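Descriptive analysis of the structure
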Amino acid sequence: SKYIDFTLSFFEDQASFIVFSQAAKSSGNIFFFLLPFKNGVWFSIFGIILIISFLVCLAGKLSPYGKYGRKMHAQQTCRCAECEHRKEIKEQYGCSFKATKEFDCLVDKVEEEDSLEDMNFYNSLWVVSTGFVQQGGETLPAAPSGRFLLFTWWLFVMILVSMYTANLTAHLTLERNDINIKTMQDLSSQTEYEWGLITDRNLESMMENHANPEYGGLVQRGVKLENLDEGIERVQEGGFVFIDESSVLTFNFRENCTAYQVNTGKFSNEWAFGLQTNSPYAYVINNMFLQYREEGWLTEVWDKWYKAETACSTSVGSDMRFDLTILSGLF
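It should be emphasised that the depicted structure is a prediction, and the values quoted were computed from it without experimental measurement.

Applying the stated rule across the entire model yields 13 aromatic pairs. Ring geometry for Y215 and F267: centres 5.1 Å apart, planes at 85°, overall edge-to-face. Placement of Y215 in helix 9 (residues 213-221) and of F267 in the loop between strand 7 (259-263) and strand 8 (269-271) is noted, with a sequence separation of 52 residues between them. Neither residue differs from the other here; Y215 and F267 are each classed as buried. Over the ring of F240 we find R234; its NZ or CZ atom is 4.4 Å from the centre of that ring.

Below, the discussion takes up the environment of E270. The residue E270 is located in strand 8 in this model. On the accessibility criterion, E270 (55% relative accessible area) is exposed. Distance in space between the C-alpha atoms of E270 and E12 is 4.4 Å, their sequence separation being 258 residues. Setting aside chain neighbours within four positions, we find E270 in contact with S9, F11 and E12.

The next subject is the confidence of the model for the protein. Looking at the protein as a whole, its pLDDT mean stands at 75, while 69% of the residues score no less than 70. The spread of mean pLDDT over the elements of the protein runs between helix 4 (residues 106-113), the lowest at 52, and strand 5 (residues 223-225), the highest at 90. Segment residues 97-104: pLDDT under 50, and 13 contacts once partners within four positions in sequence are set aside and those in other chains are kept.

Right, let's talk about the pattern of salt bridges for a bit. Opposite charge on two side chains permits pairing when their charged atoms draw close. Following the criterion strictly, the structure yields two salt bridges and no others. Residues R234 and E194 are paired through a salt bridge, measuring 3.1 Å at the closest nitrogen-oxygen approach. Placement of the pair is R234 in helix 10 (residues 228-237) and E194 in strand 4 (residues 194-198), with a sequence separation of 40 residues. Classification of E194 by relative accessible area gives partly exposed; the value is 46%. For D244, the salt bridge identified is with R201, shortest N-O distance 3.2 Å. Within this pair, whereas D244 is found in strand 6 (residues 240-245), its partner R201 is found in the loop between strand 4 and helix 8 (202-208), the two being separated by 43 residues in sequence. With relative accessibility at 31%, the residue R201 sits in the partly exposed group.

Most of strand 4 sits out of view: four of its five residues are buried. When strand 4 meets strand 6, the two strands line up parallel, connected through four bridges. Within the sheet, the bridge partner assigned to G196 lies in strand 6 and is F242. Bridge count for strand 4 against strand 5 is three bridges, and the pairing is parallel. Among the inter-strand pairings, G196 is bridged to a residue of strand 5, identified as V223.

On to helix 1 (residues 39-62). The end-to-end C-alpha separation of helix 1 is 35 Å, in line with the 34 Å expected for 24 residues at 1.5 Å each. Taken residue by residue, helix 1 has V41, W42, I45, I48, I49, I52, S53, V56, C57, A59 and G60 as its buried positions.

This paragraph deals with the nonpolar core. Of all hydrophobic cores here, the largest spans 20 residues; its most connected members are F37, I45, I52, V128 and W153. At the level of secondary structure, the elements contributing two or more residues to this core comprise helix 1, helix 5 (121-132) and helix 6 (144-173). With eight residues, the single largest contributor to this core is helix 6. The residues contacting V128, other than those within four sequence positions of it, are I49, I52, S53, V56, L150 and W153. If you look at the next biggest cluster of nonpolar residues, it comprises 19 residues, including F17, V19, L187 and I243.

What follows deals with unusual backbone geometry. The backbone phi angle of F267 is positive, close to 55°, even though this residue is not glycine. Unusually for a residue other than glycine, N278 sits at a positive phi of about 60°. On the secondary structure map, N278 appears in the loop between strand 9 (274-276) and helix 12 (281-295).

So, about a nonpolar patch on the surface. Together, I30, F31, F32, F33, L34 and L172 make up an exposed nonpolar region whose accessible area comes to about 580 Å². Mapped onto the fold, L172 is located in helix 6. Judged by relative accessible area, L172 falls into the exposed class, the value being 55%.

Scoring rules and cut-offs
- Residues numbered from 1 in each chain as written.
- Predicted model: local features only at pLDDT ≥ 70, side-chain atom pairs only at ≥ 80, totals over all residues.
- Heavy atoms only, no water.
- Phe/Tyr/Trp six-rings, centres within 6.5 Å; stacked < 30°, edge-to-face > 60°.
- Helix = DSSP H or I, 4+ residues; strand = E, 2+ residues; numbered from the N terminus.
- Buried < 20%, exposed > 50% of the residue type's maximum accessible area, 1.4 Å probe, protein only.
- Lys NZ or Arg CZ within 6 Å of the ring centre and 35° of its normal.
- Contact = heavy atoms within 4.5 Å.
- pLDDT = per-residue confidence, 0-100.
- Salt bridge = Lys/Arg side-chain N within 4 Å of Asp/Glu carboxyl O.
- Pairing = 2+ DSSP bridges.
- Expected span 1.5 Å × (residues − 1).
- Core = buried A, V, L, I, M, F, W, Y, C linked by side-chain atoms within 4.5 Å.
- Patch = residues over 30% accessible without salt bridge, like charges linked within 9 Å, V, L, I, M, F, W, Y side chains within 5 Å.
- Areas by Shrake-Rupley, 256 points an atom, 1.4 Å probe, with all protein chains shown as cover.

Structure follows, in structure tokens:
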């Protein structure tokens, strides 16, 4: 600042690294259909099937409008002598009066019309399980509480199946790469890729003198590149990560759709013009830069030189596996 003044910055840059990505090959996983949900979700689904089955069975037994409830109501309200006598005979000899055409006892009538074993736990489990694969069971609950419970279950299944189908489609159709390097720490801890940067550059100096010794270790253990062409060539050969300024990598790999670039957000630097101290042009240039930014002219220039003429085709979507945190509201 003693000998030179700088204008306002017109561009901000940062350190990035780039590597060629190959589409992930099929792993031959025969259980690929389990990929949309994490293991905790699958275990929860199996658990809730048992819980809903038990509740449907319980609703059928306790509801006064269910088959068991109707029988209990009949036993409590049927007080005629004939009915009481038939109860005693039935309890004493274990006989049944279902074959008679006329029912003198309301209890026998209920037993004849409804099979009391229709909504036991086994049948309830079958109804709930078949609903999960969008099939109907042979027996449905008669009580409104059981039907409402089954309706909410079918609604849950409908939403869950839709989410499963969409995520399974994403897993089967999205182009995924096999690169798991997201930060410089990931780069330092892995052994699959070599890395390097051009020597005697500003970025190398910033990394070597950083307060975090890990960045200096990256420089020391990395490959010393002589020039930009060598770095590009090593990346194209595969198995190599090239570290340089984001603008340099973006420009030189803008037409290459197999290049995978990661902006680290580290070692930022700003571009500006240097002028003589107390130069009268500083005020004029700064005002022009502010005007260009407001008009978007600098962005237009960036897009003109740094964006590819033909955009690379990329899959849009996410193949993230759903966990219980995401599906907690549905459950």
